[in-house]
Amino acid sequence: MDCAVTRPAADAPVAARSDVVVVGGGPAGLAAAVSAARGGASVTLLERYAHLGGLAAGGMVLVLDDFADGPDEITVRGLAQEMVDRLHVLGLAVYPPPGDRLLSSEMWQRWSRWGLFDLYAKGPEKSIVYAVAFDPDGWKRVSNDLVEEAGVDVRLHSWYSAPIMFGDTIGGVICETKTGPQAVLGDVVIDASGDADVAAGAGAPHVEGSYMVTTVFRLGNVDTDTAERFEHSQPAECHAVNRMARRILGGSWAMWWLRTPLRGVVWCNCPHMNGYDGLSVEDLTAADREGRKRIADLVEYVREHYPGFENAVVIDVAPQIGVRQSRLIEGEYVVTKDDVVNRIHFADSVARGRGYYTPYRAMLPQRVEQLLVAGRHYSVTPEAQKLSREIPPCMSMGEAAGTAAVAALNCGVTVRKVDVAAVQRRLRRQGADPGDIPSPRARRARSTREANS
Ligand SMILES: Cc1cc2nc3c(=O)[nH]c(=O)nc-3n(C[C@H](O)[C@H](O)[C@H](O)COP(=O)(O)OP(=O)(O)OC[C@H]3O[C@@H](n4cnc5c(N)ncnc54)[C@H](O)[C@@H]3O)c2cc1C
């Protein structure tokens, strides 16, 4: 349809006003809001859904990857680690102890069905690393605790729809709500929507990347011990069953099911589907339908053929469809695949992932003042984003964005002019690793890159 109607103008009452407004309550937005509030700013956190968590909760992405560079070096700390510690206390996070983080058949058998291995290693058995399997409802619960303790004003059921601009400067956002549009004003806005909704709406340059989408789901009533015994005692038979299961799914990682902290409940990070646009209503509707059909077919098959899955039932299909990549901003610096793969270190690094570093410039959109972005839509090429979008680094970026917003407000400068060294020091004091100190394995950015290409 190529026709359009003009919307009638409607007043948007000011529902909230704060120093920092964060749009999106996923991993990046949560960390941004909590770090800004702990730094002393008043913070409003806006989320379209009925809970916090983003892909980590409503998207049911249930393993925290990219916490470490190989078995030895932990690269993400701060709020991401605090989340794990709190989940662990509740019995809702599982990770291998340091002594188990190595490459051995014994450890592979113990931990591989938890998904806690080096995703980028080659070979049939991979090194066990620090990664964390967790429960999505636990994530929501801990998120609530964190924002409540920090004094963040959380507004759920608030769908960002437009920026409030004063020339080139953003001064807040409009949200659609059940009672009509509402204005939320702020001196700094952090876009943590995952799809760069705010940055794009405000006119910041961006590209539209794409990657497979996934209707993640969980199965219950699974006898995981029997399933694992089958895998280890009859590898050829199990391989054949898994091959057929993956064929039915039509797209999946090698391990289509993984254990979770809940007994008898497995996480299925599949089916993967290509060719769907993560911003298109029509595509997302079609992908949801297609995914559910494939899931139903899979369950029918495994109930009959996979020991341990005889009584399996679908507990839930993630309410937030699994979009890995859509818009990516073209900020002051665009991170490349070479930067990610070769551990290129930047003097203005404020966040880390597996081995890679995120410069502050990659969270600064061009052309729009007082806007920061944090999360999977940061300034990165589509190829590099596929390798640098996991939950812990997104939290690391969020923590840096919230900290930078406070530093700018305290010094009376714009976020573009903030003293990055002061932000790095502050992040270290908070227990985060901003990547200011390069690992021995890092390589320095060439000065032309530093100056920005
Ligand atoms: C299927 C799948 C599997 C993955 N597997 C892994 C894995 O195993 N391990 C791992 O670490 N990472 C994995 N990832 C990547 C990881 O989940 C994401 O990159 C990460 O969650 C991004 O965090 P974010 O906060 O940037 O975005 P999101 O998690 O997408 O959060 C964005 C938040 O903003 C809200 N929002 C969006 N638009 C608006 C709006 N207009 N108004 C108000 N609120 C809005 C959303 O509801 C959401 O809460 C996977 C991703 C997918 C999709």
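Residues numbered from 1 in each chain as written. Predicted model: local features only at pLDDT ≥ 70, side-chain atom pairs only at ≥ 80, totals over all residues. Heavy atoms only, no water.

Draft legend 1. Structural context of the pattern of salt bridges. Under the counting rule described, the total for this entry stands at 28 salt bridges. The salt bridge involving Arg 441 is made with Glu 73; its shortest N-O contact spans 3.3 Å. On the criterion of sequence distance, the pair formed by Arg 441 in the loop between α12 (420-429) and β25 (443-444) and Glu 73 in strand β5 (residues 73-74) is long-range, its members being 368 residues apart. Take Arg 441: its relative accessible area is 40%, and that puts it in the partly exposed class. Since its relative accessible area comes to 18%, Glu 73 is described here as buried. The salt bridge partner of Glu 290 is Arg 294, with a shortest N-O separation of 2.9 Å. (Salt bridge = Lys/Arg side-chain N within 4 Å of Asp/Glu carboxyl O. Helix = DSSP H or I, 4+ residues; strand = E, 2+ residues; numbered from the N terminus. Buried < 20%, exposed > 50% of the residue type's maximum accessible area, 1.4 Å probe, protein only.)

Draft legend 2. Structural detail: the pairing of strand β1 (residues 14-23). In the sheet, β1 pairs with strand β11 (residues 180-191) via eight bridges, with the strands oriented parallel. Within β11, the position partnered with Val 22 by the bridge is Ile 190. Of the pairings in the sheet, the one linking β1 to strand β2 (residues 43-46) comprises four bridges and is parallel in character. Each residue of the ladder has a partner; that of Val 22, found in β2, is Leu 45. Each parallel crossover has a hand, and the one from β1 via helix α1 (residues 27-38) to β2 is right-handed. (Pairing = 2+ DSSP bridges. Right-handed = clockwise from strand over helix to strand, strands pointing away.)

Draft legend 3. Highlighting α12. Turning to α12, its buried residues are Val 420, Val 423, Gln 424 and Leu 427. The buried residues of α12 occupy one face: seen down the axis, they fall within an arc of 100 degrees. In this fold, the buried residues of α12 make contact with β22 (349-352) and α11 (391-411). Among the residues of α12, the N-terminal cap falls to Asp 419, whose side-chain oxygen and the backbone nitrogen of Ala 421 are separated by 3.1 Å. One or two steps after α12, the chain reaches Gly 431, where phi turns positive at roughly 95 degrees. (Arc of directions from axis to C-beta. Contact = heavy atoms within 4.5 Å. Polar contact = N/O pair within 3.5 Å; in protein donor to acceptor, adjacent residues only side chain to side chain.)

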